[in-house]
Amino acid sequence: MQQHQESHGSSSPAPDPVHETEAPQNAGAPQTAPTSSDIRRWRQYLADERAEAAVYRELAQRRDGEERQILLALAEAEGRHEAHWLKLLGEHAGMPKAASGRSQFLGFLARNFGSVFVLALAQRAEGRSPYGTEPAATPAMVADEQIHEEVVRGLATRGRNRLSGTFRAAVFGANDGLVSNLSLVMGMAATGVPSPVVLMSGVAGLLAGALSMGAGEYVSVRSQRELLNATLPTQATLTAAPSLDIEHNELVLVYLARGMTQEAAEHRAAERMGLFSCDCDPSLSLQPEKPAADEHESVGSAWGAALSSFCFFASGAIIPILPFLFGMTGVAALMVAGVLVGIALLATGAVVGLLSGTSPLSRGLRQLAIGLGAAAATYGLGLLFGAAIV
């Protein structure tokens, strides 16, 4: 394609007047007839844009207010991209092409779950847009995809804040159950004790660990919330202000201690004492002095964290003892347990990667290396202790 020339032919889209002087070589208006490779690539872009617009519309149906409007605006933008590829393809558009596997998976999640997982995946998808190296894409489309990533990141962050406290406890509980009980089982097996003893040790580790994790998370989150509550300013400034001596205005000290500047503190104190009849400075409003709810929301509830930690620890800790529950013994049981735990560690790491907007594979491999490394170290120690006992 002759990317260095601008097209004026009737079969090509007109250049965007806003961008035609910026990067004419990437104006998205090829002058020559598209090749078969161009057509295949553009049809794939068209299918993916349609699928992504459908994902955003599906998510919008599950939201309301501002989030709904944002998602619908994203869908509209994807629709503009779709129109661009339709115009370039012209008669070559043909029958609708299937979207990529990634786009189809996003659509499935949006239709059936509509969770933060979809936004996290969409964030990665927007960040990996191929338009930056696509000659037929306009500069505006490239910029759209870059901005879309940040928009979706913001929406995903809201969802992450809503579940981060309980999610942290769930992931930590599952990972701890997998690693600690596999290590316990392998360590006991390495000492040479009979398989029933290994099984009972694993069951005891499951129960003790799940109860300990649940209790620990409850105390931890409860204490954290109490600590945050202790930092909330009270409304004593409203009730005490009328009785204060204006010549020795200690309200100013209150606001200085809360981090205000001298000027802002004096302004707020004057408001509280009724010297100002209006809110003259919008940045120092008369609204109750409470922080945003997100501070507590991101911590999670104590009971939610405790139950999540208990259940997920138990679900993780039962996996290493499954082979022994089904009658397997010896090295074969340990190998099966190691494989099962390895799969589960990969899965939990991938989930963390998805929600954090990073690579699921790298996070899964990190979890796998840490978990199996700990189990292998415990097995080695079990061999040493077993030899010492003998």
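Computed from a predicted structure; not experimentally measured.

Analysis parameters
- Throughout, residues of each chain are indexed from 1 in the direction in which the sequence is written.
- Given that the model is predicted, a residue must reach a pLDDT of at least 70 before its local features are reported, and side-chain atom pairs must reach 80 or more before they are shown or counted; all residues, however, enter totals for whole chains, interfaces and linings.
- Computation of side-chain values: all heavy atoms of the structure, hydrogens and water removed.
- Helix and strand definitions here come from DSSP, where helices need a minimum of 4 consecutive H or I residues and strands a minimum of 2 consecutive E residues; each element is numbered from the N-terminal end.
- With a 1.4 Å probe rolled over the protein chains alone, any residue whose accessible area is under 20% of its type maximum counts as buried; one over 50% counts as exposed, and the rest are partly exposed.
- Contacts: residue pairs with any heavy atoms within 4.5 Å of one another.
- Here the open area of atoms and residues is found with the Shrake-Rupley method and a 1.4 Å probe, where only the protein chains shown may cover a residue.
- Residues belong to one nonpolar core when they are buried, are Ala, Val, Leu, Ile, Met, Phe, Trp, Tyr or Cys, and are joined through side-chain atoms within 4.5 Å.
- Pairing of aromatic rings covers Phe, Tyr and Trp, the last through its six-membered ring, and needs centres within 6.5 Å; plane angles under 30 degrees mean stacked, over 60 mean edge-to-face, and all others mean tilted.
- Two residue types count as positive, namely Lys and Arg, and two as negative, namely Asp and Glu; His and chain ends fall outside the count.
- A side-chain nitrogen of Lys or Arg and a carboxyl oxygen of Asp or Glu constitute a salt bridge if their distance falls within 4 Å.
- A patch consists of residues exposed above 30% relative accessible area that lack any salt bridge, with like charges linked at up to 9 Å and nonpolar side chains (Val, Leu, Ile, Met, Phe, Trp, Tyr) linked at up to 5 Å.
- Expected helix span is given by 1.5 Å per residue-to-residue step, counting one fewer step than there are residues.
- Angular values range over 0 to 180 degrees, each being the angle between N-to-C directions of two axes fitted as lines to C-alpha atoms, with helices fitted over their stretch in contact.
- Angles are sorted into four bins: roughly parallel if under 35 degrees, roughly antiparallel if over 145, roughly perpendicular if 65 to 115, and oblique for all others.
- Each crossing gets its hand from how the near helix is turned against the far one by less than a right angle, where anticlockwise is left-handed and clockwise is right-handed.
- Note on residue categories: nonpolar means Ala, Val, Leu, Ile, Met, Phe, Trp, Tyr, Cys or Pro, charged means Asp, Glu, Lys or Arg, and polar means any other residue, Gly included.
- Within a predicted model, pLDDT stands for the predictor's per-residue confidence, ranging from 0 to 100.

### Some words on the overall build of the protein chain
Phase 1: If you tally the helices and strands in the protein chain, you get 14 helices and 0 strands.
Phase 2: Mapped from its N terminus to its C terminus, the protein chain presents α and β elements in the order α-α-α-α-α-α-α-α-α-α-α-α-α-α.
Phase 3: Counting all 390 residues of the protein chain, 40% fall into the buried class.
Phase 4: Looking at the protein chain alone, contacts between residues at least 24 apart form 72% of all its contacts between residues at least 6 apart.
Phase 5: Accessible surface, the protein chain: about 20,500 Å² in total, of which carbon and sulfur atoms supply 63%.

### Some words on the nonpolar core
Phase 1: Membership of the largest hydrophobic core comes to 23 residues, with the highest contact counts inside it found for Leu178, Leu182, Val185, Phe324 and Val341.
Phase 2: At the level of secondary structure, the elements contributing two or more residues to this core comprise helix H5 (139–190), helix H6 (195–231), helix H11 (302–317) and helix H13 (330–356).
Phase 3: With 6 residues, the single largest contributor to this core is H13.
Phase 4: Within the second largest apolar cluster, 16 residues are counted, among which are Tyr56, Leu71, Val118 and Ala122.

### Some remarks on the packing of aromatic side chains
Phase 1: Considering all chains together, one arrives at 4 aromatic pairs under this definition.
Phase 2: Relative to Trp85, the ring of Tyr45 lies with its centre 4.9 Å away and its plane at 45°, an arrangement referred to as tilted. Taken together, the residues span a long stretch of sequence, with Tyr45 in helix H1 (residues 36–61) and Trp85 in helix H2 (residues 65–89) at a distance of 40 residues. Here Tyr45 and Trp85 have matching classes, each one buried.

### Some thoughts on the side chain of Glu78
Phase 1: Within the secondary structure, Glu78 sits in helix H2.
Phase 2: Buried charge without a salt bridge: Glu78, with Arg80 as the nearest opposite-charge side chain at an N-O distance of 8.6 Å.
Phase 3: With residues near it in sequence (within four places) discarded, Glu78 still touches Glu49, Glu52, Ala53, Tyr56, Glu126, Glu145 and His148.

### Some thoughts on the environment of Gln61
Phase 1: Inspection of the secondary structure assignment puts Gln61 in helix H1.
Phase 2: Taking the C-alpha atoms as reference points, Gln61 and Arg111, 50 residues apart in sequence, are found 9.9 Å from one another.

### A short note on the environment of Gly330
Phase 1: Following the sequence through the fold, Gly330 ends up in helix H13.
Phase 2: Assessed through its relative accessible area of 38%, Gly330 is described here as partly exposed.
Phase 3: Residues Gly330 and Gly192, 138 residues apart in the sequence, show an inter-C-alpha distance of 9.2 Å.

### Quick word on the environment of Val55
Phase 1: Relative to the helices and strands, Val55 resides in helix H1.
Phase 2: Separated by 64 residues in the primary sequence, Val55 and Leu119 place their C-alpha atoms 9.6 Å from one another.

### Description of the pattern of salt bridges
Phase 1: On inspection of all chains with the given rule, the structure shows 6 salt bridges.
Phase 2: Note that Arg41 and Glu134 form a salt bridge whose closest N and O atoms lie 2.5 Å from each other. Placement of the pair is Arg41 in helix H1 and Glu134 in the loop between helix H4 (116–127) and H5, with a sequence separation of 93 residues.
Phase 3: Taking relative accessible area as the criterion, Glu134 reaches 3% and is therefore assigned buried.
Phase 4: Here Arg153 ties to Glu149 by a salt bridge, and the two come within 3.2 Å at their closest N and O atoms. In this pair, Arg153 and Glu149 are both assigned in helix H5, 4 residues apart and thus about one turn of the helix distant.
Phase 5: Of the residues examined, Arg153 reaches a relative accessible area of 31% and is grouped as partly exposed.
Phase 6: Connected via shared salt-bridge partners are Asp38, Arg41 and Glu134.

### Thoughts on a nonpolar patch on the surface
Phase 1: A surface patch of nonpolar side chains, about 330 Å² in accessible area, is lined by Ile318, Leu325 and Phe326.
Phase 2: Summarising the element assignment, Ile318 is placed in the loop between H11 and helix H12 (322–325).

### Structural notes on H2
Phase 1: Taking 1.5 Å per residue, 25 residues should reach 36 Å; H2 reaches 37 Å between its end C-alpha atoms and fits that length.
Phase 2: All buried positions along H2 are accounted for by Glu67, Leu71, Leu74, Ala75, Ala77, Glu78, His81, Glu82, His84, Trp85, Leu88 and Leu89.
Phase 3: Gly90 lies just past H2 and shows a positive phi near 60°.

### A few points about the packing of H1 against H2
Phase 1: Where H1 meets H2, the closest approach of the two axes is 8 Å, and the angle between their N-to-C directions is 160°. Classified by the angle between their axes, H1 and H2 sit roughly antiparallel to one another. Both H1 and H2 take part in a crossing whose hand is left-handed.
Phase 2: Taken together, the residues that form the contact of H1 with H2 break down as 16 nonpolar, 2 polar and 8 charged.

### Brief notes about the confidence of the model for the protein chain
Phase 1: On average, the protein chain scores 75 in pLDDT, and the residues at 70 or more come to 70%.
Phase 2: The secondary-structure element of the protein chain with the lowest mean pLDDT is helix H10 (residues 294–297), recorded at 42, while H12 shows the highest, at 92.
Phase 3: This stretch, residues 1–27, has a pLDDT under 50; its non-local contacts, to residues over four places away or in other chains, come to 43 contacts.

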